[in-house]
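Here's the letter readout for the chains.
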Amino acid sequence: MALGVSAVCGGAALSWPGDELRRAAEGAARSDAEFFFPDAPPTLTDSRRTELGGRPAHTVALDVPHDGGTARVELTAVAGAHGEFLLALTAGAGDAAPLAAVHAVHAVHAVEAGVLLG
């Protein structure tokens with residue numbers, strides 16, 4: 001499967017209190033990695049507290065072997081009564097250009113209205 005850069009915004013069925021964001025973000029990222037790359041074990045490369053649009057958030061990055069290279073699954077979970085997330089997938093985890101595109105998507109959503117979903 002060829003993979004460029006894909007980003008998805010969504011709402012979670014459950015609320016994600018700020019103190020549970022790390023666990024929720026890491027679990028959701030691993031679940032997404034298993035869905036998109038079922039035959040490849042992911043490696044946690046980053047897990048950090050952050051803020052998105054003024055709200056507490058947690059970003060997780062997983063690298064996954066893919067087509068002779070490394071894919072990246074990056075998920076940011078945002079705290080709130082209705083948890084929100086931003087999921088990005090890229091085939092070029094070792095390449096700065098695709099990762100810069102992923103981080104640009106995060107930055108745009110952090111600036112626009114302070115929330116992922118209006």
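Residues numbered from 1 in each chain as written. Predicted model: local features only at pLDDT ≥ 70, side-chain atom pairs only at ≥ 80, totals over all residues. Heavy atoms only, no water.

Asks: Looking at this structure, I do not really get the environment of Ala-71. What am I missing?
Replies: Relative to the helices and strands, Ala-71 resides in strand 4 (residues 69-78). The spatial distance from the C-alpha of Ala-71 to the C-alpha of Ala-33 is 9.5 Å, given a sequence separation of 38 residues. (Helix = DSSP H or I, 4+ residues; strand = E, 2+ residues; numbered from the N terminus.)

Asks: I'm lost on the pattern of salt bridges in this one. Help?
Replies: Opposite charge on two side chains permits them to pair, given that their charged atoms come into close proximity. Counting across every chain of the model gives five salt bridges. Between Arg-22 and Glu-26 there is a salt bridge; the shortest N-O distance is 3.3 Å. Taken together, the positions of Arg-22 and Glu-26, both in helix 1 (residues 21-36) and four residues apart, correspond to about one turn of that helix. On the basis of relative accessibility, which here comes to 17%, the residue Glu-26 falls in the buried class. Note that Asp-63 and Arg-72 form a salt bridge whose closest N and O atoms lie 2.7 Å from each other. The exposure class assigned to Asp-63 is buried, which follows from its relative accessible area of 17%. Accessibility expressed as a relative area gives 13% for Arg-72, which makes it buried. (Salt bridge = Lys/Arg side-chain N within 4 Å of Asp/Glu carboxyl O. Buried < 20%, exposed > 50% of the residue type's maximum accessible area, 1.4 Å probe, protein only.)

Asks: For this particular structure, what's the right way to read the confidence of the model for the chain?
Replies: It should be kept in mind that the predicted coordinates are not to be read in detail where pLDDT is low. Averaged over the chain, the pLDDT score is 75; the fraction of residues at 70 or greater is 61%. Mean pLDDT across the elements of the chain bottoms out in strand 1 (residues 5-11) (50) and peaks in helix 1 (92). Across residues 111-118, confidence stays below pLDDT 50; counting only partners more than four residues off in sequence or on other chains, it has 16 contacts. (pLDDT = per-residue confidence, 0-100. Contact = heavy atoms within 4.5 Å.)

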